[in-house]
Amino acid sequence: MSLSDPNLTQRSHAALENDVLQGALKAATTTFIERRRDAIVSVSDWEALRQRARRVKEHTINNLDYYLEQLVEKVEAHGGTVHWARTGDDVSRYIIELARARGVKSVVKSKSMATEEIELNHALEAANIRPVETDLGEYIIQLAHEKPSHIIVPAIHKTRSQISDLFEEKLHEGRPNEVAEITAMARKRLRHEFLSAGMGITGANFAIAESGTIVLVENEGNIRLSTQVPKIHVAVVGIEKVIPRFEDLSVFLRLLPRSGTGQKQTAYVSFLNGPRQAAPESGFEFHLVLMDNGRTRILADEQMRESLYCIRCGACLNVCPVYQKIGGQAYGWIYPGPIGAVISPQLQSLKQSGDLPFASSLCGACRTACPVDINLPDLLLALRAKAKEGGAGKLSERAAMRGFAFTARHPGLFTFGGRLIRILARLLARDGKIKSAPIAPLGEWTRYRDLPAPTGRSFRERWRKGQ
């Protein structure tokens, strides 16, 4: 079993059996949960802020065509160029053609889930254009030839020792042991890349319709260099990232850093309005690529469009008991956790990712943590229903559910079955717990945890006695 296995169950087992990964996930998610808790204490109107952000996203998504047109008009007025891309291939094709036309041989990239989603790096490499990730976490992942494991902390699954080994192997400049040494080695390498790149590629945290402003938040300063040193800046932005006004931005800038990293504010917030210099003879260019890639399909579904409210903070991942155990790479694509289990089947297909909505306990912690109050449990249930309608699931599972439904409709049979199960459970129990069950579904459960054995009378027996 490995994390590259096509089967979610097998990938999950591989993650659970990786002791190093388990330690890294526990340390990281615990830290993020504590930081978030401490950060939101300072906001007296946190819940009101969440609901205001939700209303802004709901209004924007329901009027997306209007705000996108306004955004395009303003960007072009600033001297920028706008390209509409229906698919990921359209995005890659546009950027490659632009790079070739300008003689660009290498590009520097900031962390961008949109470009990860379309595998832009692979397309650039195939066109003999060298992409270099400049976010430290993404740089680590690029060197390791892996997919991100978290929306905001892509290398969350790696320990310091593993990163030190990776740098020693790939960079050939000795072994950095301390965090400061790791960052210094990366900074030295990346400084040259910034100065020699002909193009900088970023995503966007928000795109403000009323002003045509692209907003980017970060802690490392690499976005500043990626957008200001190369003469060409390309921003690849999902169409759902638009918000109406600057006034709305103040709400999200209070929510995003607290939810994502537990900070009151990130170290850098960049506001970009077109090219650095608008005069054509300056040689500076700004290209906004507005990417659909399945988003209008989600938009057309009145229930599922709520998933487009996501601001990519990663808070739902940190509190999810499933993500805490299997990490991000077990989800099989670049969007992990509860939000990944919702948007991956929609951006890909239920055939490709239809098992992800079932990787949830439906505990609701994700909705509580979400800064825009996305009802993730209900969306997961809706996708489960769609997957079942499409014939997903094992034949044995469907047969078992039909058997349960039949039993539940016949009280006598239900009562007899309950008694039989209690007797068998007590026979299997040791010290009140079933540590190993011979039946397949329970066997998988008890492989990693104990199952409490039922004790005392059944609910029906207690109810009759109480009457």
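What counts, and where the lines are drawn
- Residues numbered from 1 in each chain as written.
- Predicted model: local features only at pLDDT ≥ 70, side-chain atom pairs only at ≥ 80, totals over all residues.
- Heavy atoms only, no water.
- Helix = DSSP H or I, 4+ residues; strand = E, 2+ residues; numbered from the N terminus.
- Rg over C-alpha atoms; globule rule 2.2 N^0.38 Å.
- Contact = heavy atoms within 4.5 Å.
- Areas by Shrake-Rupley, 256 points an atom, 1.4 Å probe, with all protein chains shown as cover.
- Lys, Arg positive; Asp, Glu negative; His and termini not counted.
- Charge placed at Lys NZ, Arg CZ, Asp CG, Glu CD.
- Pairing = 2+ DSSP bridges.
- Axes fitted to C-alpha atoms, helices over the stretch in contact; angles between N-to-C directions.
- Core = buried A, V, L, I, M, F, W, Y, C linked by side-chain atoms within 4.5 Å.
- Buried < 20%, exposed > 50% of the residue type's maximum accessible area, 1.4 Å probe, protein only.
- Salt bridge = Lys/Arg side-chain N within 4 Å of Asp/Glu carboxyl O.
- Polar contact = N/O pair within 3.5 Å; in protein donor to acceptor, adjacent residues only side chain to side chain.

Engineer: I would appreciate a short explanation of the overall build of the chain in the present structure.
Structural biologist: Tallying secondary structure elements over the chain gives 23 helices and 12 strands in all. A compact globule built from 467 residues would reach a C-alpha radius of gyration of about 23 Å, and the chain, at 25 Å, matches this within 12%. The principal-axis extents of the C-alpha atoms in the chain amount to approximately 90 × 55 × 45 Å. Counted over contacts in the chain with a minimum sequence separation of 6, partners at least 24 positions apart contribute 72%. Accessible area for the chain stands at about 22400 Å²; split by element, carbon and sulfur atoms hold 53% of it. A distance of 8 Å separates the average location of the 63 positive side-chain charges in the chain from that of its 51 negative side-chain charges.

Engineer: Explain the sheet that holds strand 10 (residues 285-291) to me, please; I cannot follow it from the model alone.
Structural biologist: One key point about sheets: their strands pair by backbone hydrogen bonds, in either a parallel or an antiparallel sense. Taken together, the 6 strands give an open sheet; going across it, the order is 1-10-7-4-2-3, and neighbouring strands pair in parallel fashion. Edge positions in the open sheet fall to strand 1 (81-85) and strand 3 (130-133), since each of these has one partner strand only. If you compare each strand with its neighbour and ignore which way they point, the axes differ by 20° on average. Against the sheet, helix 4 (residues 64-77) touches strand 1 and strand 10, its axis set at about 170° to strand 10.

Engineer: Where do I start with the nonpolar core in this structure?
Structural biologist: Grouped burial of nonpolar side chains is what soluble globular proteins tend to show. In terms of nonpolar packing, the biggest core is built from 85 residues, with Phe 206, Leu 288 and Leu 290 touching the most fellow members. With sequence-adjacent residues up to four places away left out, Leu 288 is seen in contact with Leu 71, Val 75, Thr 81, Val 82, His 83, Ile 214, Ala 235 and Val 237. Val 91, Ile 96, Ala 99 and Leu 120 belong to the second largest nonpolar core, which has 22 residues in total.

Engineer: Looking at this model, I keep getting lost on the pattern of salt bridges. Mind explaining?
Structural biologist: Two side chains bearing opposite charge may form a pair once their charged atoms approach each other closely. Per the stated rule, a full pass over the model turns up 25 salt bridges. Via salt bridges that share partners, Glu 47, Arg 50, Arg 367 and Asp 373 belong to a single interconnected network.

Engineer: Even after reading the chapter, I still don't get the pairing of strand 2 (residues 106-109), so can you show me in this structure?
Structural biologist: Moving residue by residue along a regular strand, the side chains alternate between the two faces of the sheet. Burial along strand 2 is two-sided: the face carrying Ser 106 and Val 108 and the face carrying Val 107 and Lys 109 are both buried. Sheet analysis places strand 2 next to strand 4 (residues 199-202), joined by 3 bridges and oriented parallel. For Lys 109, the partnering residue across the bridge sits in strand 4 and is Ile 201.

Engineer: Is there a simple way to think about the side chain of Asp 373 in this case?
Structural biologist: Relative to the helices and strands, Asp 373 resides in the loop between helix 18 (365-369) and helix 19 (376-389). Separated by 3.4 Å, the side chains of Asp 373 and Arg 50 make a polar contact. For Asp 373, the side chain forms a polar contact with the side chain of Gln 51, separated by 3.1 Å. Not counting residues within four places of it along the chain, the set of residues in contact with Asp 373 comprises Arg 50, Gln 51, Arg 54, Glu 306 and Arg 367.

Just geometry here; none of it tells us what the structure is for.
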